[in-house]
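# Remarks on the overall topology
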Amino acid sequence: MFQKLEDVEKRYVELTKKISDPEVIADQVEWQKLMKEHSSIEEIVQKYREYKKVKQQIEEAKEMLNDKELRELAEQEIEQGKEQLPKIEEELKILLIPKDPNDDKNIICEIRAGAGGEEAALFAGTLFRMYCMYAERKHFKIEILNENETGLGGYKEITFMVKGKGAYSRLKFESGVHRVQRVPDTESSGRIHTSTATVAVLPEVEDVEIEINPADIKMEVFRASRCRGAAY
């Protein structure tokens, strides 16, 4: 794992130099490609450097163990470092897992009320507000594309876009059927209702440029014939 991390760090240093090169910057297509790669490995490199720093601090603390005045401080630093290293190693392992190519994309989310009538629509509304609050915390933007609101503030269905880097990676596992059991405001006798709502999360599709050769286009023209009916 650490050999791979060293290679990633070397590539990061190489990319850092390239994206600052005026000749590379002049080629915007190449520069954006390198910037994207640089950004994709930056978190891994920063975490690896944190790991190396903690390890170095442990080694330096070990050298102070022979000093009676600094022994206690050195032992504390060694113990603290040994507690940190396993956590950082686990974080590095997670960061090295290959990413879904759609993870950084915006998403289109659709929430539909399922079983449960008006209560299901209210539950769908609760889910929508929950996602809005989460998006606000992550500094994502919400754009409503379509909505079918009920009289009590719920939704039979609502479709919206979440814009922000990493939106798909954060919300892709929300897809599926969500269920809630509660005593709703619409229930006067205090019975517990079970309601469901479905959530679909899709990554935003990128624009694709298509070139059509005019020579490949075949045009046909048809004229409708007028029928004359008999008069009675």
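Above this text is the structure in question.
A brief structural summary. Note that the structure is a prediction, hence the values are computed from the model and not measured.

## Observations concerning the overall build of the chain
Each helix and strand counted, the chain has six helices and five strands in total. Moving toward the C terminus, one meets the helices and strands of the chain in the order α-α-α-α-β-α-β-β-α-β-β. For 232 residues, the compact-globule formula gives about 17 Å, and the C-alpha radius of gyration of the chain, at 29 Å, lies well above that figure. Projecting the C-alpha coordinates of the chain onto the three principal axes gives extents of approximately 120 × 70 × 25 Å. Classification of the 232 residues of the chain by burial places 28% in the buried group. In the structure as shown, the chain presents an accessible area of about 17,200 Å², 51% of it carried by carbon and sulfur atoms. Charge separation in the chain, taken as the distance between the mean sites of 37 positive and 46 negative side-chain charges, equals 4 Å.

## Here we look at the side chain of Asp103
Note that Asp103 resides in the loop between helix H4 (71-95) and strand E1 (107-113). Dropping the residues within four chain positions of it, Asp103 is found in contact with Gly166, Ala167, Tyr168, Ser169 and Lys172.

Criteria and cut-off values
Residues numbered from 1 in each chain as written. Predicted model: local features only at pLDDT ≥ 70, side-chain atom pairs only at ≥ 80, totals over all residues. Heavy atoms only, no water. Helix = DSSP H or I, 4+ residues; strand = E, 2+ residues; numbered from the N terminus. Rg over C-alpha atoms; globule rule 2.2 N^0.38 Å. Buried < 20%, exposed > 50% of the residue type's maximum accessible area, 1.4 Å probe, protein only. Areas by Shrake-Rupley, 256 points an atom, 1.4 Å probe, with all protein chains shown as cover. Lys, Arg positive; Asp, Glu negative; His and termini not counted. Charge placed at Lys NZ, Arg CZ, Asp CG, Glu CD. Contact = heavy atoms within 4.5 Å.

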